[in-house]
Amino acid sequence: RWTLNDFDIGKPLGRGKFGHVYIAKEKRSNHIVALKVLFKSQLKQSQVEHQLRREVEIQSHLRHPNILRLYGYFYDQKRVYLILENAAKGELYKELQRCKYFSERRAATYIASLARALIYCHGKHVIHRDIKPENLLVGAQGDLKIADFGWSVHTFNRRQTMCGTLDYLPPEMVESAEHDASVDIWSLGILCYEFLYGIPPFEAKEHSDTYRR
Ligand SMILES: Nc1ncnc2c1ncn2[C@@H]1O[C@H](COP(=O)(O)OP(=O)(O)O)[C@@H](O)[C@H]1O
Ligand SMILES: Nc1ccc(Oc2c(Cl)cccc2Cl)nc1
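A. Inspection of the packing of aromatic side chains at higher detail. This model, assessed by the stated rule, comprises 8 aromatic pairs. Measuring from ring centre to ring centre gives 5.6 Å for tryptophan 2 and phenylalanine 7, while their planes differ by 40°; the resulting arrangement is tilted. When its relative accessible area of 5% is taken as the criterion, phenylalanine 7 is described as buried. Taken together, the ring pairs in this structure connect Trp2, Phe7, Phe74 and Tyr81 into an aromatic cluster.

The following block contains the structure:
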C-alpha cells in the first residue's frame, strides 16, 4: 500500500551492498524515515531474497527502543524499498573508530541497552546471530539501535547457515554445531571487550588463527 509517491526523498545516508539508503519524509505525516532501496536483480544474483523476507518479517514485528524499527516495505519493477526508522547519529562503529575505545561508563550504557534488546528478542524466540559494531546504529539521543536482522532466525527453525566475520561468532557456530540464543550473549561479550579496548579479543589475520584463539 506504500508507494514512492508517499515520500519526499532527501540526501543519501549511505551505500549498502544492494543499494542506497536515503533520508525521506512521508508526505502525509511529515514523519522522517530512512528509505533503503534494494535492487531486485542484485538480490536474485546473491540469492538473498529469502534472507530479506525473513529480515522484514522478523524486524517488522519487533517493538523495542533499542531495536531499529522497520515500518514496512514496498516494491516496483526493479527495486524493493524498506521503510526504516532513521538513526540520526549513524553508525556506532564510526564513533568507535573516531574515539579508539569507549569509557567504562559509555561501554556499560551501550551493553545494558543491548542486553535489554536481546532479552526482548530472545523472549520472542528471535536470535539476531550477527551482533557486531557495523550492525549498531545511534539515534538522535545517542541511544543504540540494533539493525540488520538479515541473519536473525526464529528459533523454531534453527539454521546452520554460516555468517560473515568470525570475530563475533561463538565456537559452536564456527563449528556449525547446534546453536541457540546464547550465541548473541557471546557476541555481547565480544562487543564489551571491543568497546573497552578498540579491537575484538580474538582478532587475527586468518580465520584459522581467530578460530584457534
Ligand atoms: N536506518 C538508518 N538510519 C540512518 N542511517 C542508515 C540507516 N540504515 C542504513 N544507514 C546508512 O546507510 C549505510 C548502508 O546501509 P546498510 O543497511 O548498512 O547496508 P548494508 O547492510 O547492505 O551494508 C549504513 O552504513 C549507514 O551509514
Ligand atoms: N514478505 C516479503 C518481504 C520482502 C520482500 O522483498 C522482495 C520483494 Cl517485495 C520482491 C522481490 C524480492 C523480494 Cl526479497 N518480499 C516479501
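B. Fine view of the nonpolar core. Leu92, Leu114, Leu136, Ile146, Phe149 and Phe195 are the most contacted members of the largest nonpolar core, which has 23 residues in total. Secondary-structure elements contributing two or more residues to this core are helix H3 (92-98), helix H4 (104-123), strand E7 (136-138), strand E8 (144-146) and helix H6 (182-197). A per-element tally of this core places H4 first, with 7 residues. In contact with isoleucine 146, other than residues within four places in its own chain, are Gln59, Asn66, Ile67, Leu68, Leu114, Ala117, Leu118, His128, Ile131, Asn135 and Leu136. If you look at the next biggest cluster of nonpolar residues, it comprises 16 residues, including Leu43, Leu70, Val80 and Ala87.

C. The arrangement of helix H2 (residues 49-61) in detail. The terminal C-alpha atoms of H2, which comprises 13 residues, lie 19 Å apart, in line with the 18 Å expected from a rise of 1.5 Å per residue. Turning to H2, its buried residues are Gln51, Leu52, Arg54, Glu55, Val56, Ile58, Gln59 and Ser60.

D. Seen up close, the sheet that holds strand E5 (residues 79-85). One open sheet accounts for 5 strands, arranged E1-E2-E3-E5-E4; its pairing is antiparallel. Edge positions in the sheet fall to strand E1 (7-15) and strand E4 (70-75), since each of these pairs with one other strand and no more. Across the sheet, the mean angle separating the axes of adjacent strands is 25° when strand polarity is ignored. Sheet topology note: the strand E3 (residues 31-39)/E5 ladder contains 7 bridges and is antiparallel.

E. Spotlight on the site of ligand 1. With respect to spatial proximity, 15 residues lie near ligand 1, and among them Lys17, Lys36, Glu85, Ala87 and Glu91 are the closest. In the environment of ligand 1, an oxygen atom lies 3.3 Å from a nitrogen or oxygen atom belonging to the side chain of aspartate 148. Protein chains bury 84% of the 540 Å² of accessible surface belonging to ligand 1 in isolation. When each cavity is represented as a set of grid points, ligand 1 is found to reside in the largest pocket. Elements with a contribution of two residues or more to the shell around ligand 1: E1 and E3. Examining the composition of the shell around ligand 1, we find that 3 residues originate from one element, E1, more than from any other. A class-by-class count of the residues in the shell around ligand 1 yields 6 nonpolar, 3 polar and 6 charged.

F. Highlighting the site of ligand 2. Close to ligand 2 lie Lys40, Glu49, Leu52, Arg53, Val56, Tyr73, Tyr75 and Val80. Between ligand 2 and arginine 53 there is a distance of 3.3 Å, counted from a nitrogen atom to a side-chain nitrogen or oxygen. The side chain of tyrosine 73 places a nitrogen or oxygen atom 3.4 Å from a nitrogen atom of ligand 2. For ligand 2, whose free accessible area comes to 400 Å², the fraction covered by protein is 83%. Broken down by secondary-structure element, the contributors of at least two residues to the shell around ligand 2 are H2 and E4. Take the shell around ligand 2: its biggest share by element is 4 residues, from H2.

Analysis parameters
- Residues numbered from 1 in each chain as written.
- Chains lettered and ligands numbered in written order.
- Predicted model: local features only at pLDDT ≥ 70, side-chain atom pairs only at ≥ 80, totals over all residues.
- Heavy atoms only, no water.
- Phe/Tyr/Trp six-rings, centres within 6.5 Å; stacked < 30°, edge-to-face > 60°.
- Buried < 20%, exposed > 50% of the residue type's maximum accessible area, 1.4 Å probe, protein only.
- Core = buried A, V, L, I, M, F, W, Y, C linked by side-chain atoms within 4.5 Å.
- Helix = DSSP H or I, 4+ residues; strand = E, 2+ residues; numbered from the N terminus.
- Contact = heavy atoms within 4.5 Å.
- Expected span 1.5 Å × (residues − 1).
- Pairing = 2+ DSSP bridges.
- Axes fitted to C-alpha atoms, helices over the stretch in contact; angles between N-to-C directions.
- Near = heavy atom within 4 Å.
- Polar contact = N/O pair within 3.5 Å; in protein donor to acceptor, adjacent residues only side chain to side chain.
- Areas by Shrake-Rupley, 256 points an atom, 1.4 Å probe, with all protein chains shown as cover.
- 1 Å grid on protein atoms, 1.4 Å probe; cavity = no way out; pocket = protein on both sides within 12 Å on 5 of 7 lines; lining within 4 Å.
- Sits in = over half its atoms within 2 Å of the grid points.
- Nonpolar A, V, L, I, M, F, W, Y, C, P; charged D, E, K, R; others polar.

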